[in-house]
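Summary of structural features
Next come the chains, spelled out residue by residue.
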Amino acid sequence: MTETPNNIAQAVQILRNGGLVAFPTETVYGLGADASNELAVTKVFQIKGRPADHPLIVHLANPHQLTDWALDVPENATKLAKAFWPGPLTIVLKKRPNVLACVTGGQDTVALRMPRHPIAIKLLEAFGKGLVAPSANRFTRISPTTASAVREEFGQALDWVLDGGACEVGLESTIVDLSGKQPVILRPGMISAKQISEVLGKPVATAYEEKITTRAPGMHHLHYAPVTNTHLIKSQDIPSMLSTLNEADLPIVCAVYSNVTFPSHKNVHWVKLPAQAKTYAHELYRTLRALDQQHYKSIWIEAVPEDAEWEAIRDRLNKATGKQSL
Ligand code: TXA
Ligand code: MG
């Protein structure tokens, strides 16, 4: 999908007038609004049904705009921006006094990211200022990875939806907090802790492993969840699960990534997910959304490998099934 320069210009006009424009990023679709317009930002919270203390990420067209938002830009931030921007990394820094409290949830820090989807870059360049862009879904629902998923979430409530096709990455950005003494990863993403620590030249702490969950309020229990009851299950436990099902429990669907074959069962449907972490991430939300619409009694997802490259996926699967993050 390509959007014409005229469509981008119209979207910019809507944003300048305080309207809301959903746009594609390489991670998931964002619900964009002028980050310096309090009324516009308030509308974002209202339409998402998001609690006011859940801060938003400010999206930038280039790293030079960091100084418009951050009080100072530490060397670590420059290093990470150089290595990963444009791309799926969000950096939390101490905020400048002019940053609206509604953007930061009243905290003294602000989250910043430069996305790499060509339409997001064109939009941000033409707009010329920062855009808040939370994932374009209602609070606690699955993030949208296509323009049609955004329309399903919000119907006519949005002023404009820019269509950039299916998002390349498919999971939300990695969030690293550089506002304290030590860098801390607040949300795992497809840029791993290892990649970040290699660039910084030192190990980084991870808030989700050490249960320092208060810093990123969006990281609470039961996030990104389908409406249908959704469970994680180890591959070897699938046969015994199937053998205990009653008629009333059916139909169900099992989403598996491994190649093992399972006993066939009436009213048990199978969906194959990719066996590679990168392509699995790309498919996950789209698959969950599709399965959620098919009136299954429950969705069963095969637990994924324990390797580092599956970390962000494990985090989102735990949230989709109501388990605490890692
Ligand atoms: O990939 C992404 O980051 C997508 C695309 C659209 O850019 N956006 C996204 O935004 O996931 P959202 O609003 O769904 O998630 C933002 C996360 C929340 O968990 C929030 O708590 C955290 O960022 N966050 C924002 N500002 C923060 C801050 N100042 N300190 C700590 N966490 C912050
Ligand atoms: Mg979100």
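Calculation notes
Residues numbered from 1 in each chain as written. Chains lettered and ligands numbered in written order. Predicted model: local features only at pLDDT ≥ 70, side-chain atom pairs only at ≥ 80, totals over all residues. Heavy atoms only, no water. 1 Å grid on protein atoms, 1.4 Å probe; cavity = no way out; pocket = protein on both sides within 12 Å on 5 of 7 lines; lining within 4 Å. Points joined across faces, edges and corners; volume = space filled by probe spheres on them. Helix = DSSP H or I, 4+ residues; strand = E, 2+ residues; numbered from the N terminus. Nonpolar A, V, L, I, M, F, W, Y, C, P; charged D, E, K, R; others polar. Domains from an automatic or database assignment. Pairing = 2+ DSSP bridges. Axes fitted to C-alpha atoms, helices over the stretch in contact; angles between N-to-C directions. Contact = heavy atoms within 4.5 Å. Salt bridge = Lys/Arg side-chain N within 4 Å of Asp/Glu carboxyl O. Buried < 20%, exposed > 50% of the residue type's maximum accessible area, 1.4 Å probe, protein only. Phe/Tyr/Trp six-rings, centres within 6.5 Å; stacked < 30°, edge-to-face > 60°. Polar contact = N/O pair within 3.5 Å; in protein donor to acceptor, adjacent residues only side chain to side chain. Near = heavy atom within 4 Å. Areas by Shrake-Rupley, 256 points an atom, 1.4 Å probe, with all protein chains shown as cover.

Moving on: the layout of surface pockets. Size it by volume and the largest pocket reaches roughly 190 Å³. In terms of lining, the largest pocket is formed by Gly189, Met190, Ser192, Ala193, Lys194, Gln195, Ala277, Lys278, Ala308, Glu309 and Glu311. A total of 3 residues in the lining of the largest pocket trace back to one element, the largest contributor, which is helix α8 (residues 193-200). Among the residues making up the lining of the largest pocket, the classes are represented as 4 nonpolar, 3 polar and 4 charged. A domain split of the lining of the largest pocket shows at least three residues from each of domain 1 (5-210) and domain 2 (229-320).

Attention now moves to the sheet that holds strand β11 (residues 229-233). One open sheet accounts for 4 strands, arranged β11-β14-β12-β13; its pairing is parallel. Of all strands in the sheet, those with a lone pairing partner are β11 and β13 (268-272), marking the two edges. Strand-to-strand twist in this sheet, taken as the mean axis angle between neighbours without regard to direction, amounts to 20°. Two elements, strand β12 (residues 252-256) and strand β14 (residues 298-302), share 4 bridges in a ladder whose sense is parallel. Across the sheet, residue Cys254 finds its bridge partner in β14, namely Trp300. Helix α10 (residues 277-292) contacts β12, β13 and β14 of the sheet and is inclined by roughly 165° relative to β14.

It is worth spelling out the pattern of salt bridges at this point. Applying the stated rule across the entire model yields 11 salt bridges. Residue Arg289 is joined to Glu152 by a salt bridge in which the shortest nitrogen-to-oxygen separation is 3.6 Å. In this pair, Arg289 is assigned in helix α10 and Glu152 in helix α7 (residues 147-154), connecting sequence segments 137 residues apart. Glu153 is the salt-bridge partner of Arg289, the closest N and O atoms lying 3.0 Å from each other. Of this pair, Arg289 sits in helix α10 while Glu153 sits in helix α7, and the two are 136 residues apart along the sequence. In this structure Glu153 comes out as buried when scored by relative accessible area, which is 11%.

All right, on to the packing of aromatic side chains then. Considering all chains together, one arrives at 2 aromatic pairs under this definition. Between Tyr257 and Trp310 the ring centres are 5.6 Å apart and the planes differ by 45°, which places this aromatic pair in the tilted class. You can see Tyr257 sitting in the loop between β12 and β13 and its partner Trp310 sitting in the loop between β14 and α11 (311-320), a full 53 residues away along the chain. The two residues Tyr257 and Trp310 agree in class, both being buried. Relative to Trp310, the ring of Tyr280 has its centre 5.1 Å away and its plane inclined at 70°; by these criteria the two rings are edge-to-face. Linking Tyr280 in helix α10 with Trp310 in the loop between β14 and α11, this pair joins segments that are 30 residues apart in sequence. Exposure remark for Trp310: the relative accessible area of 2% places this residue in the buried category. Linked through ring pairs, Tyr257, Tyr280 and Trp310 together constitute an aromatic cluster.

A few words now on the side chain of Ser258. When you line up the elements, Ser258 lands in the loop between β12 and β13. The exposure class assigned to Ser258 is buried, which follows from its relative accessible area of 16%. For Ser258, the side chain forms a polar contact with the side chain of Glu302, separated by 2.7 Å. If sequence neighbours within four positions are ignored, Ser258 has contacts with Ser235, Lys272 and Glu302.

Taken together, 28 residues are adjacent to ligand 1, and Thr27, Arg50, His59, Ser135 and Ser173 come closest. Between an oxygen atom of ligand 1 and a side-chain N or O atom of His59, the distance comes to 2.6 Å. Here an oxygen atom of ligand 1 sits 3.0 Å away from a polar atom, N or O, in the side chain of Arg113. Considered on its own, ligand 1 offers 690 Å² of accessible surface; in the complex 97% of this is hidden by protein. Looking at the shell around ligand 1, the element that brings in the most residues is strand β5 (residues 109-113), giving 4 residues.

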